[in-house]
Amino acid sequence: MNTYQSSPDRYFDPDPAQRKAALTLYESIADLPLICPHGHVDPRLFADPDYTFGSPVELLIIPDHYIFRMLYSQGIPLEKLGIPRADGSETETDHRQIWQIFADHFYLFSGTPSGTWFMDELYSVFGITEKLTGTNAQAIYDQIDDKLRSPAFRPRALFDRFGIETLTTTDAATDSLAHHQAIKDSGWHGRILPTFRPDAVVNLDTPNWRSEIDKLSAVSGMDVTNYTAFVQALENRRAFFKQMGATATDHAALTAYTNRLSDAEADAIFQCALKGDAAAEDAARFTGHMLMEMARMSIEDGLVMQLHVGSFRNHNPAIFEKFGKDMGADIPLVTEFTEAIRPLLTAYGNHPEYNLILFNLDETTYARELAPLAGHYPAVKLGPPWWFHDSINGIRRYFDQVMETAGLYNTAGFNDDTRAYLSIPARHDVWRRASADWVAGLLVRGIVDETDAQEMMRALAYDLAKRAYKL
Amino acid sequence: MNTYQSSPDRYFDPDPAQRKAALTLYESIADLPLICPHGHVDPRLFADPDYTFGSPVELLIIPDHYIFRMLYSQGIPLEKLGIPRADGSETETDHRQIWQIFADHFYLFSGTPSGTWFMDELYSVFGITEKLTGTNAQAIYDQIDDKLRSPAFRPRALFDRFGIETLTTTDAATDSLAHHQAIKDSGWHGRILPTFRPDAVVNLDTPNWRSEIDKLSAVSGMDVTNYTAFVQALENRRAFFKQMGATATDHAALTAYTNRLSDAEADAIFQCALKGDAAAEDAARFTGHMLMEMARMSIEDGLVMQLHVGSFRNHNPAIFEKFGKDMGADIPLVTEFTEAIRPLLTAYGNHPEYNLILFNLDETTYARELAPLAGHYPAVKLGPPWWFHDSINGIRRYFDQVMETAGLYNTAGFNDDTRAYLSIPARHDVWRRASADWVAGLLVRGIVDETDAQEMMRALAYDLAKRAYKL
Amino acid sequence: MNTYQSSPDRYFDPDPAQRKAALTLYESIADLPLICPHGHVDPRLFADPDYTFGSPVELLIIPDHYIFRMLYSQGIPLEKLGIPRADGSETETDHRQIWQIFADHFYLFSGTPSGTWFMDELYSVFGITEKLTGTNAQAIYDQIDDKLRSPAFRPRALFDRFGIETLTTTDAATDSLAHHQAIKDSGWHGRILPTFRPDAVVNLDTPNWRSEIDKLSAVSGMDVTNYTAFVQALENRRAFFKQMGATATDHAALTAYTNRLSDAEADAIFQCALKGDAAAEDAARFTGHMLMEMARMSIEDGLVMQLHVGSFRNHNPAIFEKFGKDMGADIPLVTEFTEAIRPLLTAYGNHPEYNLILFNLDETTYARELAPLAGHYPAVKLGPPWWFHDSINGIRRYFDQVMETAGLYNTAGFNDDTRAYLSIPARHDVWRRASADWVAGLLVRGIVDETDAQEMMRALAYDLAKRAYKL
């Protein structure tokens, strides 16, 4: 019997005094709604009131690269897990067989965040009290499958059950936002907002960049044949996203490099890219320049700007060729902010209308660069620990290394950053428990008093994210 | 009621056994005098027996960039906090209004070292038992203001009350040390010693370098028109500082780069600098060379050499232009020691008369480079966690990452590095409590016995700093 | 009385619940045999059944650079510790005097892993219950000396007493493995296996590289005058090592740089090296290429490939000239894997027959690069914390930063990496206790259940190393 997922004080420090304080703090905010200001849930889930998730494997394994990368790392081919091939060739279609492989190897997830989230999801969302094993795999498959067919497991029903106040999606600059429009038109009460993510048109080295520009021309109704038109088209799209409810933009870059080019330089590089021959270095300079432009636009239209850096995407060419992107083969890089982002902060970092939220995978920047930057520049807030680091230990390291220098109120609360809709409550629960444990640690050490502790707890669980994203 | 500042076991681990052991260790050293071998208190405070601190805001807000950077990061203009403009233009002069802003935003400091020091200072130095809030702001202002007018709050009286054994200042190479002379002449018993800091003449890219060289000529009585004279002038000043009681020098550099130039090369760069056209790279090479020279002189005159690296000063040009330096806008950089400092250690690292204390803001160097270097080279000692890192967590990380490899006795104890005189007891108290907690952790885990624990505790609180700085 | 080394719950967290859980977990595996898959014990110890260790100083001080580097860092000349001079000139020969110096300075090791291992060794191996001090130094010397003369302290007897299942040595590619042959021939039951380490012939900048190549020609019976012959000779030696029982190879490099050269390029560089004029950059490229070749050979012959990077060897030229290598003057460097090792992983990282174990001294790579790489590539496993980091804190940091992302089963268990044979039980005990404490922490926090905890404990103590090294 998997009793420990039901333990009210799980994940807390074992010291009885700290544990008790953490539980009290946690319980004081456990019923607050969830703010989900950054994530990758498909808006299609909510556009169709009768959307269903398919089989347990379609829901829990095939779309979750956190899960299947671990199985792959132990030598299980992705084909055997039903991951679709880029060329459409055959992969395993027997979902009960895939589920069995997963269950047989579930021990691999011991002590990992994926294991923790998954167990919480099974227990809290599906009411399954047994731990998944090779023996009970098929019985648990049946239980999940059965639930997934019921109306209570439609995405809209779960939205209410999960207590989500706002959920934002991440959408290409060229997206028509048709699903968002459908949600609006349906009159459903759920607050699902888009986020403007222009990476595919801004980063010139994106595969299919040329066709993305064509799409941009089409959706903006502008002929994007030069840099000036490109910038206008982006402004046009931002306005549309904002009108559709967006409060933020999101930008990924390999590094935090920023630097303004002259319009002439920018156009020269853009023209090269249109001809298909932008040099790698020029593409990087263009990205650095467009981050400056995005900051300028943020000040003008009020959209909060998020910047994520430091992931070497598709590190494994064999996997990329066979299966495409987002296959668990993105590996973090050494990252530097102090010099790289200085041009952007020099230009806009003191502006009262600019809001920049920074994310990063290189934890060495937490105490060294990010906390001091957030603790000085009015524009800068720190996003929560990202990707590999939104785990129990990762969150603890973040609090440890960020909070003393940045100050709690220069951080942006939590976001789940997930495409796995059903894992949202589990992810927020880990954050809220880790937060409660951290604040409790300050309390029992006499570093903060109960009044401050209570305010900090609520800020972490709810207020900071809502404020940082203007929700 | 802010009771927790009076809790005798504050900041200790919540485990009762470790907490008890930590308290016992702490109490065994709590009455030892304070050794303050590195700091930025103005010697003027002690030269004039009747020196007064002015208003609470002049004492606690305006000179403390730790405090006002946090307020600035949340959008409060520095003008509203009374920070003087470089051009002398007007800023807020109503100190009660500034204090009110600070009190209204005091929650921003929850869980930060500035908040901890400040609360301890209010409680321990001023006897204020309430937590500062917007409501009691003016009443607390009155209490502080009242105390500051009393003779018991003159710097010399506080020196005795704080139990300071030795306090060193940090003084430009060109400083006349007139205040130190006045202290000597006054016959007062307090031990206030200067420290020789030649950055402004050694780093060719210092603003006003040329006029600093003129000052150097004037105070040394030498005509500093070439490299040879420059070196002689520095030797002359070191001799003067030593005669005035200095036991150490202090050097800041952007990186740990060291390399000896030929005298001809050094002079060529120096001549360019005199003409106002030293290239940035040559300035860096000259600094690297002068660190070698400073090491040579240290061996000759016995002054302990401190080296601080890795701070990108004045990162925010808008703030620098309006307010000048030391405005909370210095941001740490990635730092490397193993290769950069090798020339210096190859030349002098084995010399029995050479003492080098290293400080750094990039914590990744603790376990990777600094601890192994200190655990091998006889000349090298590690300074305490610096600047952003002399906090409860920062000290814990330092002990964790440094001590196993370097060994406790290759570290240099604590220094407060502060210009905020009244925060000195609070800062030493955090260090001593964090030290007690760390040693207690070793004790209750059976890693050291009580005899070793007691010796380590005393070393951390007193002996190491005294020995490392030859005090 | 040094009682704490006999405390059954030493090194565990002070929280009573975690401590109790840790002790239970520890006791469940304390009697499992030791797997020692990577180390530097001299096989000569086992080739001669009557091998004796000499004096306590010959056993415990002179060969242990962990010990004498700490004494050197405090100004004690290596000559006074009997460390042999490279030129054969005189050093201290009075071992009782050396021992006295060590005992007088034993406090320097408080809280260090060397201190912990040493005290455990004295207690567990020699039955000495007093802590070493200047006062009892000679009496303890007598006790150790007496024991060392007894048959129970022959290496083969200790092998059984220590409960070692397999111990591997590290052997040059040119080694005749005569001692291993002698062990085999003797019919003794102990399992001592060689490991193939070709650094001295693969890294062209090795001192004496040319003569090493001559040795390679001699032992392989091939005329190594070009790159093709060089590769064939290495294949020949690997086959010989494998036949002698080797299951693994070991490779040290300054960085993780890998890149395939054409055979023509490789031969051109090799020819330059034969003439004594390989450029430093070409030597680095050749090493990067040979790592690719070693991976190819590993797939073909099944030997597990170990790669250690990031140590700046012989950082202190004065010490190197006087005493040679391995004098405690190797200092870690900043290390990068994501880009550097990508060519190797692109070529071989998905191959089911390739096994690569990575070690590193730059802990910032744990969470940033190594854990994500191990959590994706089937070929990659992470070795345990290396060198400076196989300490109580170092192991804790490793678990903290690696396990959530990599997953426990993508790690390779423990290895002691020691030349100090008598410290082997102490080193494994630290690992096993630190492991028990970590798993207990997961258990009492409700992150894993008892079944998982028990399996993880056994994996850490025994199974992972055995499987990763195919033992």
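Residues numbered from 1 in each chain as written. Chains lettered and ligands numbered in written order. Predicted model: local features only at pLDDT ≥ 70, side-chain atom pairs only at ≥ 80, totals over all residues.

*Asks:* Can you lay out the relation of the copies chain C and chain B for me, pointing to particular residues and giving the numbers?
*Replies:* For these two chains of identical sequence, chain C goes onto chain B by a turn of 120° and a shift of 0.0 Å along the axis, with RMSD 0.0 Å. The operation mapping one copy onto its partner corresponds to a three-fold rotation axis. Considering only C-alpha atoms, the residue of chain C closest to the rotation axis is C:D15, which sits at 3.5 Å. Of the residues that chain C buries at the interface, just 5% are likewise interface residues in chain B, meaning the two copies contact each other through different surfaces. (Least-squares fit on C-alpha atoms with pLDDT ≥ 70 in both. Contact = placed C-beta atoms within 7 Å.)

*Asks:* Give me helix α11 (residues 209-220) of chain C: which residues, what numbers.
*Replies:* Residues and elements named next belong to chain C. Here α11 is 12 residues long and its end C-alpha atoms lie 16 Å apart, about the 16 Å a rise of 1.5 Å per residue gives. In this fold, the buried residues of α11 make contact with α10 (199-202) and α12 (227-243). Note on α11: the residue one or two positions beyond its end, G221, has a positive phi of about 70°. (Helix = DSSP H or I, 4+ residues; strand = E, 2+ residues; numbered from the N terminus. Expected span 1.5 Å × (residues − 1).)

*Asks:* Report on the environment of B:S114, specifying residues and quantitative values.
*Replies:* Residues and elements named next belong to chain B. Inspection of the secondary structure puts S114 in helix α6 (residues 113-125). Residue classification places S114 among the buried positions, given that 22 C-beta atoms sit within 10 Å. Once the C-alpha coordinates of S114 and L460 are considered, the two residues, 346 residues apart in sequence, prove to be 22 Å apart. Setting aside residues up to four positions removed in sequence, S114 forms contacts with Y66, I67, M70 and F109. (Buried ≥ 20, exposed ≤ 12 C-beta atoms within 10 Å, placed from the backbone.)

*Asks:* Describe the domain arrangement of chain A, listing the residues and the values that go with them.
*Replies:* All names here are of chain A. When cut into domains, chain A gives domain 1 (3-50 + 152-468) and domain 2 (52-151). Here domain 1 and domain 2 have C-alpha centroids that lie 27 Å from each other. With 24 residues of domain 1 at the interface, the matching set in domain 2 holds 26 residues. Counting residues per element, the side of domain 1 that touches domain 2 draws most heavily on helix α19 (residues 424-444), at 5 residues. (Domains from an automatic or database assignment.)

*Asks:* Just give me the short version of the interface of chain C and chain B, but keep the residues and values in it.
*Replies:* Across the boundary between the two partners, chain C contributes 43 residues, which contact 40 residues of chain B. Counting only elements with at least two residues in the side of chain C that touches chain B, the list comes to α4 (65-73), α6 (113-125), α15 (317-323), β9 (331-332) and α18 (392-406) of chain C. Element by element, the count of residues in the side of chain C that touches chain B is highest for α4(C), at 4 residues. When grouped by side-chain class, the residues that make up the side of chain C that touches chain B number 21 nonpolar, 16 polar and 6 charged. (Nonpolar A, V, L, I, M, F, W, Y, C, P; charged D, E, K, R; others polar.)

*Asks:* Give a detailed account of the sheet that holds strand β4 (residues 192-193) of chain A, specifying residues and quantitative values.
*Replies:* All names here are of chain A. Spatial strand order, β1-β2-β4: 3 strands in an open sheet with parallel pairing. Here the strands that pair on one side only, and so sit at the sheet edges, are β1 (34-36) and β4. As judged from the 2 bridges shared by strand β2 (residues 164-168) and β4, these two strands associate in the parallel manner. Bridging from a neighbouring strand, L167 pairs with I192 of β4. (Pairing = 2+ DSSP bridges.)

*Asks:* So what about the relation of the copies chain A and chain B? Which residues, and what values?
*Replies:* It takes a turn of 120° to lay chain A on chain B, together with a shift of 0.0 Å along the axis; the resulting RMSD is 0.0 Å. Counting the interface residues of chain A, we find that no more than 5% of their copies in chain B are interface residues as well, pointing to two distinct contact surfaces.

*Asks:* Residues and numbers for the interface of chain A and chain B, please.
*Replies:* Taken together, the contacts link 40 residues of chain A with 43 residues of chain B. Contributions of two or more residues to the side of chain A that touches chain B are made by α1 (16-29), α16 (342-348), α17 (364-374), α18 (392-406), α19 and α20 (450-468) of chain A. Tallying contributions element by element places α17(A) first for the side of chain A that touches chain B, with 7 residues. Of the residues belonging to the side of chain A that touches chain B, the class tally is 17 nonpolar, 12 polar and 11 charged.

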